[in-house]
Amino acid sequence: MRQLRITVDQDKCVGSTTCLHTARATFALDQSGKSSVVNPQGDGEATVIEAAESCPVGAITVEDAETGESVFP
Amino acid sequence: MPVHDNLSAPEVIANPYPYFHQLREEDPVHWNEWWGGWVLTRHDDVQASFQDRRLSADRMSPFLKGLAKEASGDLHPSFRLFAKWMVFTDPPVHTRLRMLVNKAFTPRRVEGLRTRIQAVVDEMLDRLMPAGRMELIHDFAYLLPVTVIAELLGVPATDHENIKNWSDEITLFIFGAIGVPDRRQRAQRAMSELAGYLQAIITERRDAPQDDLISALIAAQEQDDALSDEEIVATCSLVLFGGHETTTNLISSSTHALLRNPAQMEKLRNDPTLIGTAVEEFLRYDGPSKAMVRIGGEDFELRGKPIKKGQRLLLLQSAANHDPERFDNPDDLDVTRAPNPHVAFGYGIHFCLGAPLARIETAVTINTLLRRLPNLRLDVDPGQLEWQPQIVSRALKALPVAF
């Protein structure tokens, strides 16, 4: 399984928590009430992409950690 | 102390921002005797309160209990559907409904509607342009959101007149219309009719599913029997209502903001790529949701004020969006403003589900108006414009324009 680089844009995040309800092992809310990545390998790639897609403000980007190729959006 | 507590005073309805500034400066967590609850006006307090687990979004159940007593049990079951609207629920009920409906409204899904939205706007303008003038809200602004949401949900767009009428009646209750004593009865009747209408469509879709949100909810119900028929009807009615009242108001307030700020209008007309930041600024500057209500779930202190369990809090988004500690020149419209951390869509788990759709509908509409109507102007003295006398919603009654 390839390694992913998952980024949550902190300026865009509104703490809706749709990502952490989708990919529970990958995302968590931090002290400031925004989502952050706690374990990039926490869920499978399909689940991570579904979580990124679920974000109402498009704050999550996913890329291949090795090649830098965009996986989402 | 503030001069008065009357949130529906004519000058506050016409232009709430000076009053909100005064409140924020003098008493940012203010006990409002007239409204019977706490009024929050600072950006940091409002944003934090949207995420505060000591506060509940369920302001409908206590209200219905009180109403049931008052009406001695004579409460139509359709009225209880309001309590099942996810905006009035807390986790875990909220989470389940939200995640199901969220799929239909992601930025990627609504981007797929852009061509259709553009076509609807262009068709309406083709029809309206020969007249040279229109009342922007009723002739134009309300038709786009109701058409799009009806198609997305899977109800016939030809029924939009009925949907608008039911929504307007429900608005009286949900947005707390002032001076309409029978607003509860009217909302109850409308909700009852809307529920019957939706139930008939749900029954049809059960036999013949289509590629729409109603069919998706039925499919989810069949996989997870925890979703009741009542929840499906409630959720569909919420999506219909939420899908157009506020977007209509955003389109009219955005147009109004530009008409009152001609230099900003020219800037956007000359560079339509600014529409992304412009829409965020319309939301911040004079957005359609003035406030959200929360209920204290326990006793706690906020800025030294004792919030008690069961008390109401009015989270004034419009006041937060004009907080000078968060925004430079907060009362100026700047279509290039960035970053723009407004709370017009709320914040946290109840962040507006339809935000991606509202953003794209407003962006397409405003850019099309500016491109196709180079002489767009107000067709009435600005002093004659009136807003709906509502505490939580900001809505122009009419916006006559010429072009």
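Residues numbered from 1 in each chain as written. Chains lettered and ligands numbered in written order. Predicted model: local features only at pLDDT ≥ 70, side-chain atom pairs only at ≥ 80, totals over all residues.

Asks: Just to check I follow, could you spell out the nonpolar core for this structure?
Replies: Generally speaking, nonpolar side chains in soluble globular proteins are found buried as a group. Formed by 121 residues in total, the largest nonpolar core has its most connected members in Leu 153, Met 191, Leu 315 and Leu 316 of chain B. If near-sequence neighbours (up to four positions away) are discounted, Leu 153 of chain B is found in contact with Asp 212, Leu 213, Ile 214, Cys 236, Val 239 and Leu 240 of chain B. (Core = buried A, V, L, I, M, F, W, Y, C linked by C-beta atoms within 7 Å. Buried ≥ 20, exposed ≤ 12 C-beta atoms within 10 Å, placed from the backbone. Contact = placed C-beta atoms within 7 Å.)

Asks: Can you walk me through the sheet that holds strand S5 (residues 291–296) of chain B in this structure?
Replies: Backbone hydrogen bonds hold the strands of a sheet together, and the pairing may be parallel or antiparallel. All names here are of chain B. With respect to topology, five strands assemble into an open sheet ordered S1-S2-S8-S5-S3, the strand pairing being mixed. Edge positions in the sheet fall to strand S1 (29–32) and strand S3 (55–56), since each of these pairs with one other strand and no more. The sheet contact formed by S5 and strand S8 (residues 312–316) spans five bridges and is antiparallel. By the bridge assignment for S8, Val 293 is matched with Leu 314. (Pairing = 2+ DSSP bridges. Helix = DSSP H or I, 4+ residues; strand = E, 2+ residues; numbered from the N terminus.)

Asks: Please explain unusual backbone geometry as it appears in this structure.
Replies: Glycine aside, the phi torsion of most residues is negative, and most peptide linkages are trans. Pro 73 of chain A follows Phe 72 of chain A through a cis peptide bond whose omega is 5°. As for its placement among the helices and strands, Pro 73 of chain A is situated in the segment after strand S5 (70–72). Across the junction of Pro 91 of chain B and Pro 92 of chain B, the peptide omega takes the value 5°, indicating a cis bond. Positionally, Pro 92 of chain B belongs in the loop between helix H4 (60–70) and helix H5 (93–102). Positive phi, close to 70°, is recorded for Thr 17 of chain A, a residue that is not glycine. Here Thr 17 of chain A shows up in the loop between strand S1 (4–8) and helix H1 (18–22). One non-glycine residue, Asn 329 of chain B, adopts positive backbone phi at about 40°. Assignment of secondary structure puts Asn 329 of chain B in the loop between helix H17 (317–320) and helix H18 (355–372).

Asks: Please clarify how the interface of chain B and chain A should be interpreted in this entry.
Replies: One widely used convention gives an interface's size as the accessible area the parts lose upon coming together. Listed per partner, the contact involves 15 residues of chain B and 13 residues of chain A. Of all the elements in the fold, those that place two or more residues in the side of chain B that touches chain A are H5, helix H6 (107–111) and H18 of chain B. Take the side of chain B that touches chain A: its biggest share by element is three residues, from H5 of chain B. Of the residues contributing to the side of chain B that touches chain A, the split by class is nine nonpolar, five polar and one charged. (Nonpolar A, V, L, I, M, F, W, Y, C, P; charged D, E, K, R; others polar.)

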